[in-house]
Amino acid sequence: SVSGIIPGGSITTDMLADDVISILDSKADKTQPLEQEISFKSGWSNAATSTYYKTQDGSCTVNCSVNGTGVPNENLIASLPAGFRPKKTVCRAAHVYGDSGRGIAEAQILENGDIIIYSAFAFNYVSFGATFLVQN
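All figures in this text were calculated on a predicted structure; none of them were measured in a lab. (Residues numbered from 1 in each chain as written. Predicted model: local features only at pLDDT ≥ 70, side-chain atom pairs only at ≥ 80, totals over all residues. Heavy atoms only, no water.)

A. Geometry of the overall build of the chain. Counting secondary structure elements, the chain contains one helix and nine strands. In sequence order, the secondary structure elements of the chain are arranged as α-β-β-β-β-β-β-β-β-β. For the chain, with 136 residues in total, the buried portion stands at 34%. Element-wise, carbon and sulfur atoms account for 52% of the exposed surface of the chain, whose accessible area totals about 8,500 Å². (Helix = DSSP H or I, 4+ residues; strand = E, 2+ residues; numbered from the N terminus. Buried < 20%, exposed > 50% of the residue type's maximum accessible area, 1.4 Å probe, protein only. Areas by Shrake-Rupley, 256 points an atom, 1.4 Å probe, with all protein chains shown as cover.)

B. Molecular detail of the pairing of strand β8 (residues 114-119). Among the six residues that make up β8, five are buried, leaving the element largely enclosed by the rest of the structure. As paired elements, strand β7 (residues 101-109) and β8 share four bridges and run antiparallel to each other. Bridged to A107 within β8 is I117. Here β7 folds back onto β8, and the loop between the two strands holds four residues, one of which, G113, carries a positive phi near 95°. (Pairing = 2+ DSSP bridges.)

C. The arrangement of the nonpolar core in detail. Counting 27 residues, the largest nonpolar core has V62, I77, I109, I117, F128 and F132 as its most contacted members. Elements with a minimum of two residues in this core: β4 (59-70), β5 (73-79), β6 (90-98), β7, β8 and β9 (123-133). For this core, the element with the highest residue contribution is β9, accounting for five residues. Ignoring sequence-local partners within four residues, the contact set of I77 consists of F40, K41, W44, C64, V66, I115 and I117. (Core = buried A, V, L, I, M, F, W, Y, C linked by side-chain atoms within 4.5 Å. Contact = heavy atoms within 4.5 Å.)

Shown next, in the form of structure tokens:
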């Protein structure tokens, strides 16, 4: 059975392709997210450009490469502003380098935006990346 009338009498592959392109164009996010540089706490500075940005779907990406004087245990290096904070604490592996060598540490981004590095040894460089859903 026919539920409607097809213009021109039939559907061509060009008509289907045009419909798909039209649908994708209407759904596509055409604006690039604005990358912002992370503001570090005293004693920490960029080793390379460290940024964060939020997409229109509500996810935030943080890329961090920083120099400083890290101690074994807890190191508060920065805080993300409201609107870029995770719904719950995000934990990621971080790469740390120091006089005693290289190793893996834990980077945590807390619900209040604090970025904390937990390391088993002193370090002077850390890098990590994380993507997460932001708070409403």
